[in-house]
Amino acid sequence: QVQLVESGGGSVQPGGSLRLSCVGSGTSLRFFTMGWYRQGSREQREMVATISSGDSADYADSVKGRFTISRDNAKNTVYLQMNSLRPEDTDVYYCLAGRAFWGQGTQVSVSS
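Residues numbered from 1 in each chain as written. Predicted model: local features only at pLDDT ≥ 70, side-chain atom pairs only at ≥ 80, totals over all residues. Heavy atoms only, no water.

Q: Could you clarify how one ought to interpret the state of the cysteines in this entry?
A: Under the definition given, this model contains one disulfide. Across the disulfide, Cys 22 is cross-linked to Cys 95 (sulfur-sulfur distance 2.0 Å). What sets the handedness of the Cys 22 and Cys 95 disulfide is the S-S torsion sign, and at about -80° it is left-handed. Of the two residues, Cys 22 is situated in strand β3 (residues 18-25) and Cys 95 in strand β9 (residues 91-97); the sequence distance between them amounts to 73 residues. The residues Cys 22 and Cys 95 share a single accessibility class, namely buried. (Disulfide = S-S within 2.5 Å. Helix = DSSP H or I, 4+ residues; strand = E, 2+ residues; numbered from the N terminus. Buried < 20%, exposed > 50% of the residue type's maximum accessible area, 1.4 Å probe, protein only.)

Q: Honestly, the sheet that holds strand β7 (residues 67-72) in this entry has me stumped. Any pointers?
A: In a beta sheet, neighbouring strands pair by backbone hydrogen bonds and run either parallel or antiparallel. The four strands are arranged β1-β3-β8-β7 in an open sheet whose pairing can be described as antiparallel. Every interior strand has two partners, whereas the edge strands, β1 (3-7) and β7, have only one. Strand-to-strand, the axes of this sheet are offset by a mean angle of 15°, without reference to chain direction. Bridge analysis of β7 against strand β8 (residues 77-82) gives six bridges, and the strand direction is antiparallel. (Pairing = 2+ DSSP bridges. Axes fitted to C-alpha atoms, helices over the stretch in contact; angles between N-to-C directions.)

None of the figures reported here should be taken as evidence of function without further support.
The following block contains the structure:
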């Protein structure tokens, strides 16, 4: 129904920046709440940032002030701008549309 493809991950030094992209196909993402998640230390993935169809954003406490989620409906794409990256941000980051549609993830590695 909807397919999500993440990109933009990579390896950076602490303090560096990355911008992740999540491109949807098959269905418009316009009416979905979108999110970025990572595995963290939990069994289940943890929310990093979400953005509603009305562009209301929410963030995990650990990334507030450093990460920004945004969306471009014309491009059917959601972004996660990650600044001031820390080693503990290292993880696979997954895009979620609504409650059910996941991308395959993109690796973010932060190390010296």
